[in-house]
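A look at the structure
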Amino acid sequence: MHRRRFLQSAGLGLPSLALLTACRADDIDAATASEPSGRTGVIVIGAGISGLAAARHLADQGESVLVLEARDRIGGRIWTSDAWDGAPVDLGASWIHGTDKNPITALAEKAKARMVETDLESTTEYLTDGSEAEGAQAQALERWRDETADALTAYQNSQDRDAAMRGVVERTLGWSGLTAADKAMVNNAFNDYEHEYSGSVRQMSALYFDSDTKINGPDVLFPDGYGQITDLLAAGLSIRTGHVVKHVDWDSDGVTVATDKGTFRAGQVVVTLPLGVLQSGAVTFGPGLPAAKRAAISKLGMGLLNKCYLRFPRKFWPDTDWLNYVPAWDKYGQWAQWINVTRVNGQPVLLGFNAADFGRTIESWGDAEIVDSAMETLRTIFGRDIPAPTGFQISRWASDPYARGAYSFNKLGSTPVMRDQLAAGVGDRVFFAGEATHRKSFATVHGAYLSGIRAAEEITG
Ligand SMILES: Cc1cc2nc3c(=O)[nH]c(=O)nc-3n(C[C@H](O)[C@H](O)[C@H](O)COP(=O)(O)OP(=O)(O)OC[C@H]3O[C@@H](n4cnc5c(N)ncnc54)[C@H](O)[C@@H]3O)c2cc1C
C-alpha cells in the first residue's frame, strides 16, 4: 500500500493520541508470559501485528496469554522473505505510512531497524508506448489525476446517496467522449486509488472510500524487513503456530476455542482474524454474532494488492524511487506501478504491484506467466535487450486461506460506522481487533497495532 501523491500534503494528525500513550515502545519488555488455564487468562487468535500488540499489552499487564496462529510463522500480513541471501524482501506490508508520532516508528527505533524514506515526488512516468512522459503529456497525466480527484470531492460535498467511484467519475468526465489516450490516463488515475485502498473502483464507495486519516511525516521502508517489528513484539510471548482455529464458543463462564490440534479454554478471547477470513465462514462462532457485526462483516470490502519482485543481473532503470507506467486503456491496471528496490537495499531488484481486479486475475496464473507478463511491460519501457530476471518472488494474498485478501476497503453499501460494529466486543468474552476494525487507520500496520492495544484495554479496563 502506498499513498497517492496528492495526499502527501494532506497533513492530518493521528486520530487517537490517547492510545499512543498506551503503546510506547518503552512499555514493551520481553518478559515471558504465562498461559491461560481453564477459565482464566486470554486467548488471542492470530499472530499478526494486531494479535501480537494485544498479547504484548495483556502480558505486560500481568495477564496470562496464549496466541493461537494457523501458519507456521508469525506476522500475518507482515511477511519478510529471506529467500534471497542478503536481500530480505517484504511480501506483505512495506511502509510505515507517516512516521510522525506513529507507534510503529517507536517500535522500529526500539528494534534498531534501519529505515529508508521513499518519496512519491521521486517518480519517472512512462506512457503506453514506453516513452517517458514529458511536457504536455506529463501535464495531461497530472490533469486527469486532478480531475478524477475533483470529481470525487465534488460528489462527496454535494451528495448523500452513495455510488461506485468509477461511475461517479465517468459521468463527470464524460467517459464515452474521451480518446483512447485520455481513457488510459483516467484509468491510471483510477488505478492509483486501487493501489492505495485495494478495492476495485467499480466497488469502492464514492462517499467513504477515503474516510481514513493520514499520519504526517515521510513514508519509510525497512531494508532488513518489516518482520523486525513483529519479532520485537513477539519476544517472550506464548505462541502456538500451526494451530488453525475452527470454532469459538462462549458462555457466562468463559470461552472455548477449538483448533485442528485441540481445544483451549480461557476467560476471554481476542479475535484478530482478517476480514476476508471472517467473510469466508472458515471460523464459526458458537451462539452466533450480533446482527450488526454480521452485517459489517458482509458489507465491508476485502481488497487485493499483490507483489512481484524481480531480481536482475544488473540495474537498467533510473534512480527514482517509483516507476509508473500508463497501460493501454483496455489493459486496465496491468503493471502500472513499480518500486526501485535498489534505492532500498542496493540490489538490482524491481518490485511490481498489481491491485484489485488485475491483482486477482493473475493469482490463477503460473509463476512463469506472471513473470512473462511483467517483463512485457518492462521491455516496452526499457527495450527488448534488457536481461531476463535471475529470480522472482510473487505474492498471492487472495488465495491465501489465512488472509483471503490484502486489506479492507470501504465498499459501496458499507459505512464507516460498520468498522466500530466490527470492533465491538460480544458479551464481555469475545473481543475483536485487526486492521479492518480501525475506523480511521484501516488497511495499515499502525491501525492494526492500535486496534490490538484497544482490544487489550477493553479486557484490562
Ligand atoms: C501486499 C500488502 C501490502 C501492504 N502494504 C502495507 C504498507 O506498506 N503499510 C501498511 O501500513 N500496511 C500495509 N499493508 C496492510 C498491513 O499489512 C495490514 O493492515 C496488517 O498487517 C494487518 O494486521 P492484522 O493483525 O490485522 O492481520 P494479520 O496480519 O492478517 O493477522 C491475522 C493473523 O490471523 C491468522 N489466522 C487467520 N486465520 C486463522 C485461523 N483460522 N486460526 C488461527 N489463525 C488464523 C493469520 O495467519 C494471521 O497471522 C499491506 C498488506 C498487504 C497484503
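What you see is a predicted model, and the numbers here were worked out from it, not measured in a lab.

How each quantity is defined
- Residues numbered from 1 in each chain as written.
- Predicted model: local features only at pLDDT ≥ 70, side-chain atom pairs only at ≥ 80, totals over all residues.
- Heavy atoms only, no water.
- Phe/Tyr/Trp six-rings, centres within 6.5 Å; stacked < 30°, edge-to-face > 60°.
- Helix = DSSP H or I, 4+ residues; strand = E, 2+ residues; numbered from the N terminus.
- Buried < 20%, exposed > 50% of the residue type's maximum accessible area, 1.4 Å probe, protein only.
- Lys NZ or Arg CZ within 6 Å of the ring centre and 35° of its normal.
- Pairing = 2+ DSSP bridges.
- Axes fitted to C-alpha atoms, helices over the stretch in contact; angles between N-to-C directions.
- Contact = heavy atoms within 4.5 Å.
- Near = heavy atom within 4 Å.
- Polar contact = N/O pair within 3.5 Å; in protein donor to acceptor, adjacent residues only side chain to side chain.
- Areas by Shrake-Rupley, 256 points an atom, 1.4 Å probe, with all protein chains shown as cover.
- Nonpolar A, V, L, I, M, F, W, Y, C, P; charged D, E, K, R; others polar.
- pLDDT = per-residue confidence, 0-100.
- Parallel < 35°, antiparallel > 145°, perpendicular 65-115°, else oblique.
- Expected span 1.5 Å × (residues − 1).
- Domains from an automatic or database assignment.
- Buried area = accessible area lost by both parts, 1.4 Å probe.

This part covers the packing of aromatic side chains. Per the stated rule, a full pass over the model turns up 17 aromatic pairs. Taking the centre distance of 6.2 Å and the plane angle of 25 degrees together, the rings of Trp95 and Phe353 count as stacked. One end of the pair, Trp95, is in strand 5 (residues 95-96); the other, Phe353, is in strand 19 (residues 349-355), with 258 residues separating them in the sequence. Considered together, Trp95 and Phe353 belong to a single accessibility category, that of buried residues. Between Tyr126 and Phe382, the aromatic rings sit 5.6 Å apart at their centres with planes inclined by 70 degrees, giving edge-to-face as the arrangement. Residue Tyr126 is located in strand 7 (residues 123-126), and its partner Phe382 is located in helix 12 (residues 367-382); the two are separated by 256 residues in the primary sequence. Owing to a relative accessible area of 5%, Tyr126 belongs among the buried residues under this scheme. Sitting above the plane of the Trp329 ring, Lys183 keeps its charged end 4.6 Å from the centroid. One Lys or Arg, Lys293, reaches over the ring of Phe432 and ends 3.8 Å from the middle of that ring.

Pairing is mixed in the open sheet, where 6 strands are placed in the order 7-17-18-19-16-20. One side of each edge strand has no neighbouring strand; the edge strands of this open sheet are strand 7 and strand 20 (391-394). When the angles between neighbouring strand axes are averaged without regard to direction, this sheet yields 20 degrees. Bridge count for strand 17 (residues 322-325) against strand 18 (residues 337-340) is 3 bridges, and the pairing is antiparallel. Paired with Asn324 across the bridge in strand 18 is Gln337. Taken strand by strand, helix 6 (residues 180-197) contacts strand 16 (305-311), strand 17, strand 18 and strand 19, and its axis lies near 95 degrees from that of strand 19.

Right, let's talk about the site of the ligand for a bit. Near the ligand there are 40 residues, and of these Ser50, Glu69, Arg77, Trp95 and Val445 occur at the shortest range. At 2.6 Å, a side-chain N or O of Ser50 approaches an oxygen atom of the ligand. Backbone polar atom of Val445 to an oxygen atom of the ligand: 2.7 Å apart, as the coordinates give it. When the ligand is considered free in solution it has 1000 Å² of accessible area, and contact with the protein chains removes 99% of it. Counting only elements with at least two residues in the shell around the ligand, the list comes to helix 2 (49-60) and helix 14 (445-460). Along the lines of polarity and charge, the residues of the shell around the ligand split into 24 nonpolar, 12 polar and 4 charged.

So, about the confidence of the model for the chain. Regions with low pLDDT carry predicted coordinates that are not meant to be interpreted in detail. Looking at the chain as a whole, the pLDDT averages 93, with 93% of positions reaching at least 70. For residues 3-32, every residue scores under 50 in pLDDT, and the model assigns this stretch 77 contacts once sequence neighbours within four places are set aside.

Time to look at the packing of helix 4 (residues 135-158) against helix 5 (residues 165-173). Packing of helix 4 against helix 5 leaves a shortest axis separation of 9 Å and a crossing angle of 110 degrees. Compared by their axis directions, helix 4 and helix 5 come out roughly perpendicular. Facing Trp144, Glu147, Thr148, Ala151, Leu152 and Tyr155 of helix 4, the residues of helix 5 in contact are Met165, Val168, Val169, Thr172 and Leu173. For the contact of helix 4 with helix 5, the residue count by class is 8 nonpolar, 2 polar and 1 charged.

Attention now moves to the pairing of strand 10 (residues 245-250). Every other side chain in a regular strand lies on the same face of the sheet, so the side chains alternate between the two faces. Of the strand pairs in this sheet, strand 10 and strand 11 (residues 255-259) are connected by 5 bridges, and their pairing is antiparallel. Across the sheet, residue Val248 finds its bridge partner in strand 11, namely Val257. Where strand 10 folds back onto strand 11 in an antiparallel hairpin, the turn is made up of 4 residues. As defined by bridge partners, strand 10 adjoins strand 14 (residues 284-285) across 2 bridges and the pair is classed as parallel. Across the sheet, His247 pairs through a bridge with Thr284, a residue of strand 14.

For the rest of this paragraph, the subject is helix 4. When the terminal C-alpha atoms of helix 4 are compared, their 34 Å separation across 24 residues agrees well with the 34 Å that a helix rising 1.5 Å per residue should span. Of the residues making up helix 4, those classed as buried are Ala140, Leu141, Trp144, Arg145, Thr148, Ala149, Ala151, Leu152 and Tyr155. Buried residues in helix 4 make contact with strand 7, helix 5, helix 6 and strand 17.

What follows is about the domain arrangement of the chain. For an interface, size is often stated in terms of accessible area lost upon the parts coming together. When its domains are assigned, the chain resolves into domain 1 (33-116 + 218-302 + 402-460) and domain 2 (120-216 + 305-394). If you average the C-alpha positions of domain 1 and of domain 2, the two centres end up 29 Å apart. Counting the surface lost from both domain 1 and domain 2, the interface buries some 2900 Å², and carbon and sulfur atoms represent 60% of this. Connecting domain 1 to domain 2 are 16 residue pairs in polar contact (both at pLDDT 80 or more). Contributions of two or more residues to the side of domain 1 that touches domain 2 are made by strand 4 (89-90) and strand 21 (408-409). Classifying every residue of the side of domain 1 that touches domain 2 by side-chain character gives 18 nonpolar, 14 polar and 6 charged.

What follows is about the sheet that holds strand 14. Taken together, the 4 strands give an open sheet; going across it, the order is 12-11-10-14, and neighbouring strands pair in mixed fashion. Each edge of the sheet is formed by a strand with only one pairing partner; in this case those strands are strand 12 (262-266) and strand 14.

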